[in-house]
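What follows is each chain in one-letter form.
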Amino acid sequence: GAAGAGGAQEVVISIDFVGGSAAGGGGVVAAPSMSSTESAGVKSVPNWNSAVAVMGTLTDVRDSTGTSTGSTVTWNSPVAGSNPGEWVNGYADSPGDTRMMNGYLDPTAPASPATVAVSGLPASIAAGYDVYVYALGDIPSSSTRTYQYAIGSASLTISQTGPSPAAFPGFVEATPGGTGDYVVFRNVKGASFKLTATPGSGAQTRAPVNGLQIVWPPGS
């Protein structure tokens, strides 16, 4: 990343929720994972950590330089009925932003949100960092959905109206109550945090999580 405050090198830790779609036999076929050389995100960097399936833990989490941070990511997107807890936007596969934004965690029940818990962040960045949450789901109709994302006491609700475009349209930051495909939690503190993605209103309620980035220093 670029140099941060006071000349310090910017630290970016990126997680891609790979997602997948239903197979003919009722299973889920994982979407393509990013390679370590692909750059993606508003903070366009390589070395994304691939989180495959609806739940799991990554223990060797790397930053954008490929250096292990010693941190851990655990995620869970509950399966509800016929919904597999993950999905894809259906974009034609292409490296970088399109591949990162194609698959996502896909919780459907407001009472069973998706969660992403990050722990063991280095002391050098734990005093404060920004968390970018990427949120863009497949909406086949012209309906509007709302999504709620929370870290600690901070909560943001955004909306998305379909039908979804056939190709990834680019990054647009969503203001509270507005539209867009990512939100930013500013100046989060501590060696650990938990993101909660709660489906809101609209047909076929959802709260997609395509990926996240942890960026130090905050505001960089």
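That block above? That's the structure.
Right, let's walk through the structure included here. (Residues numbered from 1 in each chain as written. Predicted model: local features only at pLDDT ≥ 70, side-chain atom pairs only at ≥ 80, totals over all residues. Heavy atoms only, no water.)

### Brief notes about the environment of Ser192
Following the sequence through the fold, Ser192 ends up in the loop between strand S13 (182–188) and strand S14 (193–199). Accessibility expressed as a relative area gives 44% for Ser192, which makes it partly exposed. The spacing of Ser192 and Gly120 is 72 residues in sequence and 6.1 Å in space, taken between C-alpha atoms. Every residue in contact with Ser192, bar those within four places of it in the chain, is listed here: Val118, Ser119 and Tyr129. (Helix = DSSP H or I, 4+ residues; strand = E, 2+ residues; numbered from the N terminus. Buried < 20%, exposed > 50% of the residue type's maximum accessible area, 1.4 Å probe, protein only. Contact = heavy atoms within 4.5 Å.)

### Quick word on the sheet that holds strand S4 (residues 49–51)
What the five strands build is an open sheet, ordered S4-S1-S15-S10-S13; its pairing is mixed. Only two strands of the sheet have a single neighbouring strand rather than two, namely S4 and S13. Taken pair by pair, the neighbouring strands of this sheet meet at an average axis angle of 15°, ignoring direction. With five bridges connecting them, strand S10 (residues 129–134) and S13 associate as antiparallel partners. (Pairing = 2+ DSSP bridges. Axes fitted to C-alpha atoms, helices over the stretch in contact; angles between N-to-C directions.)

### Comments concerning the pattern of salt bridges
In this structure the tally under the stated criterion is six salt bridges. Glu10 is paired through a salt bridge with Lys43; the nearest N and O atoms lie 3.2 Å apart. Here Lys43 lies in the loop between strand S3 (28–30) and S4 and Glu10 lies in the segment before strand S1 (11–17), a separation of 33 residues in the sequence. Assigned by exposure class, Glu10 and Lys43 land together as buried. The partner of Arg206 in a salt bridge is Asp106, with the nearest N and O atoms 3.1 Å apart. Placement of the pair is Arg206 in the loop between S14 and strand S15 (211–216) and Asp106 in the loop between strand S8 (103–105) and strand S9 (114–119), with a sequence separation of 100 residues. (Salt bridge = Lys/Arg side-chain N within 4 Å of Asp/Glu carboxyl O.)

### Quick look at the sheet that holds strand S11 (residues 144–151)
Taken together, the six strands give an open sheet; going across it, the order is S5-S6-S9-S14-S11-S12, and neighbouring strands pair in antiparallel fashion. Only two strands of the sheet have a single neighbouring strand rather than two, namely strand S5 (55–58) and strand S12 (154–161). The mean inter-strand angle of the sheet, taken between neighbouring strand axes irrespective of direction, is 10°. Strand direction decides the pairing type here: S5 and strand S6 (residues 72–76), joined by four bridges, are antiparallel. Pairing of Leu58 across the sheet is with Val73, part of S6.

### Some remarks on the environment of Thr144
Along the chain, Thr144 turns up in strand S11. The spacing of Thr144 and Thr161 is 17 residues in sequence and 4.2 Å in space, taken between C-alpha atoms. Non-local contacts of Thr144, meaning those with residues more than four positions away in its chain, are made with Ser159, Gln160, Thr161, Ser201, Gly202 and Ala203. Reaching out from Thr144, the side chain makes a polar contact with the side chain of Thr161 at a distance of 2.7 Å. (Polar contact = N/O pair within 3.5 Å; in protein donor to acceptor, adjacent residues only side chain to side chain.)

### A look at the nonpolar core
Phe17, Tyr149, Phe185, Phe193 and Leu195 are the most contacted members of the largest nonpolar core, which has 36 residues in total. It is S1 that provides the largest number of residues to this core, a total of four residues. In contact with Phe193, not counting residues within four places along its chain, are Val116, Ala117, Val118, Leu121, Tyr129, Val131, Ile151, Val188 and Ile214. Within the second largest apolar cluster, 15 residues are counted, among which are Met34, Ala40, Met101 and Tyr132. (Core = buried A, V, L, I, M, F, W, Y, C linked by side-chain atoms within 4.5 Å.)

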